[in-house]
Amino acid sequence: MKGIVFTEFLELVEDKFGLEVVDKIIEQSDLSTGGAYTAVGTYEFAEMLSLLKHLSEHTQISIDDLLLVYAEHFFGVLVSSYPGLIDKYEDPIELLSSIEDHIHVEVRKIYPDAELPTFQQIEKTPTSLVLVYKSSRAMYNFGLGLMNKTFEHYNTKATILLEKIKPDGTEVKFSITID
Amino acid sequence: MSTTDPKLLRKALLREKSARKQAEKILEDKSRELYSLTQELQVVNEKLKAGLTETTSELKGLFENLVDAYVLMDVSGNIIKMNDAATELFGYNLKENKINVTELIHKDDFQYAMTSFQELIRKGSFSDYQARVYTKNKGVRTVHINASLILDKKNNPIAAQGIVRDITKKLELESDRKFLIKSLEKNNIELKNFAHIVSHDLKSPLRSINALVNWLREDYASVYDEAAEQTFDMLIKKVDQMDRLITGILKYSSIDKATYPKEHIDLNVVVNDIIDIIFIPNHVSVAIEGLLPVVKGDKFRLQQLFQNIMSNAVNYIEKEVGIVTVSVRELPEFWEFAITDNGKGISKKYQKKIFEIFQTLEDNERSTGIGLSIVKKVIDYYEGTIWIESEIGIGSTFYFTLKKDLK
């Protein structure tokens, strides 16, 4: 998993809950680098899972909700780091339907070793989109958070329904309708 | 949110330091990777440059040395480049005149040129285009053009190039040749018909003369003396000789007229038949040495060939014992035959002449001078050659070849 996901996560934890919590979840997790992450590095996904688990235990907030909040924060990081990527699309439906065929293609050019989820497009109209998320990480809520912020970015409101195709969340259907 | 616990802060600081070192190491590795990649690229670039120079110089050589005219034009037909041959053909110098190819095309071929140009744009090339063009110094010339489009990276046409060959002279020669062949064919047919008709027409009055002379001789036999009888003999012999002459002409003119089926002919049979047919004086013997081959051809022509040479051989032997032999030698593509006699021989100066029609070496009643011309004609038909080795007083050998695999 890309280092920027770790560094932004720990910064957000520090911002919201303080350095003590950062220190605590790092101490509780078994981390190869002792919690030292750099945005340009690549780290085991298990470490992120462990950090999330301990943060959830500490805060009593579900991992799903934590991921949702983190994704909303992470959208801001993407906008400031890759403004060109977002501005390319005129509306949120266009952007979301381009994840698989365009955005991830670009990501692979910069990070050939990136392990990306797939978003299979099932249906598309100017005001609606049905995508199927597939990833062994089961971070569908991270996706949901990014989507929420996407609509917000374009000043659009939308209803996003999640439907787990597999109970463990490795395959999830997103039904998106603009209000 | 800030914290005052120095212990926590120190730990956070250590993490930051460790992260920085990681980042530095990653960046260092990346930088090294980039450096070696750059080195590789430089090598590749050098190679490419060298290759390009080579190609450019090859192309330049080709452009300059091309015997045909080379014309490069933009898509609107404005000529951008011409080689020396093109400058020579059209007579225009690009440095002095701006030329558009449409100005060079003959007005009657203009429509056709436009159609071909459309085809060039559509298909990317055309070949064997033929049209007339105006040139500055050489008037209207007919040219043959092969052309192709030059495309940019996005496959848009940016130019067109053509190889232009002046075929005016070639077309003229071709048409001259066609005309010549046609009139030759016509003449040939006329000649053959003429020979045939004339010989037929000559034969019937000749027969009448023969009959009339005989009647005269019989009816007035009582009046003629010995000398008159001799004159009658000579007269009839002359008429006979003329009859043979006419028969010879008929045969000669019919050699390439009739087409006979090609069969496998056993030359042993043919030659033995000839020995039976022709008159062989008692003091002469004819023998076949070895075995003659079976050849593909027609019996009539082959018989004419062998019979004419063999008759000549047996006829002119004055020695007490005359010997004529027929033999053969196999060559890769030909059979080489030899007919040898121990006759009086033919002197060098006549050895070529004897194959010409109506040439006889002596004033012999039996000789018409046609036989060897027929031989020559048959051998030509079989794509062979004939020659003589002869020595006066010793004898002659007629050599001739016949092609084995006749088309």
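Peer 1: How would you sum up the overall build of chain A? Please name residues and give values.
Peer 2: Regarding its fold elements, chain A presents eight helices and four strands. When the elements of chain A are put in sequence order from the N terminus, they spell out α-α-α-α-α-α-α-β-β-α-β-β. Per-residue burial for chain A yields a buried fraction of 48% across its 179 residues. Pairs at least 24 apart in sequence give 59% of the contacts found in chain A among residues at least 6 apart. When the accessible surface of chain A is split by element, carbon and sulfur atoms take 52% of a total near 9,000 Å².

Peer 1: Give me the nonpolar core: which residues, what numbers.
Peer 2: Among the nonpolar cores identified, the biggest contains 51 residues, and A:Phe9, A:Leu51, A:Phe174 and A:Ile176 are the most heavily contacted of them. The biggest single contributor to this core is helix α4 (residues 63-81) of chain A, with seven residues. In this structure A:Ile176 touches A:Leu96, A:Thr127, A:Ser128, A:Leu129, A:Leu131, A:Met147, A:Phe151, A:Ala158, A:Thr159 and A:Ile160, once residues within four positions along its chain are discounted. Residues B:Val270, B:Val271, B:Leu292 and B:Phe355 belong to the second largest nonpolar core, which totals 39 residues.

Peer 1: So what's going on with the interface of chain B and chain A? Residues and values would help.
Peer 2: Across the boundary between the two partners, chain B contributes twelve residues, which contact 20 residues of chain A. Both faces considered, chain B and chain A share a buried interface measuring about 1,200 Å² in area, 60% of it formed by carbon and sulfur atoms. Here chain B is connected to chain A by three salt bridges. With a shortest N-O distance of 3.3 Å, B:Arg15 and A:Asp23 are connected by a salt bridge. At the boundary of chain B and chain A, one finds five residue pairs in polar contact (both at pLDDT 80 or more).

Peer 1: Could you give an account of the sheet that holds strand β3 (residues 125-135) of chain B, naming the residues involved and the relevant values?
Peer 2: Residues and elements named next belong to chain B. On the basis of which strands lie adjacent, the open sheet formed by five strands has the order β2-β1-β5-β4-β3 and antiparallel pairing. Two strands lie at the open edges of the sheet, namely β2 (79-82) and β3, each paired on one side alone. The sheet shows a mean angle of 30° between the axes of neighbouring strands, taken without regard to direction. Relative to strand β5 (residues 157-166), strand β1 (residues 69-74) runs antiparallel, the two sharing six bridges. Note on β5: the bridge partner recorded for Asp74 is Ala159. The strands touched by helix α4 (residues 110-123) are β1, β3, β4 (139-151) and β5; relative to β3, the strand with the most contacts, the crossing angle is about 145°.

Peer 1: Before we move on, could you go through helix α8 (residues 140-153) of chain A and cite the residues and values that matter?
Peer 2: All names here are of chain A. With 14 residues, α8 extends 20 Å between its outermost C-alpha atoms, agreeing within 8% with the 20 Å of an ideal straight helix rising 1.5 Å per residue. Counting buried residues along α8, ten of its 14 residues qualify, which places the element largely inside the surrounding structure. Looking at α8, one finds that the buried residues are Tyr140, Asn141, Phe142, Gly143, Leu144, Gly145, Leu146, Met147, Thr150 and Phe151. Residues of α8 that are buried in the fold lie against α4, α6 (92-97), β1 (118-125), β2 (128-134), β3 (158-164) and β4 (171-178). Looking one or two residues past α8, Asn155 carries a phi angle of roughly 55°, positive in sign.

Peer 1: Tell me about the pattern of salt bridges, and please be specific about residues and values.
Peer 2: Residues and elements named next belong to chain A. As enumerated under the stated definition, the model contains 28 salt bridges over all chains in all. When the shortest N-O distance is used, the salt bridge between Lys166 and Glu171 registers 3.4 Å. Residue Glu171 is classed as buried on the basis of its relative accessible area, which comes to 16%.

What counts, and at which threshold
Residues numbered from 1 in each chain as written. Chains lettered and ligands numbered in written order. Predicted model: local features only at pLDDT ≥ 70, side-chain atom pairs only at ≥ 80, totals over all residues. Heavy atoms only, no water. Helix = DSSP H or I, 4+ residues; strand = E, 2+ residues; numbered from the N terminus. Buried < 20%, exposed > 50% of the residue type's maximum accessible area, 1.4 Å probe, protein only. Contact = heavy atoms within 4.5 Å. Areas by Shrake-Rupley, 256 points an atom, 1.4 Å probe, with all protein chains shown as cover. Core = buried A, V, L, I, M, F, W, Y, C linked by side-chain atoms within 4.5 Å. Buried area = accessible area lost by both parts, 1.4 Å probe. Salt bridge = Lys/Arg side-chain N within 4 Å of Asp/Glu carboxyl O. Polar contact = N/O pair within 3.5 Å; in protein donor to acceptor, adjacent residues only side chain to side chain. Pairing = 2+ DSSP bridges. Axes fitted to C-alpha atoms, helices over the stretch in contact; angles between N-to-C directions. Expected span 1.5 Å × (residues − 1).

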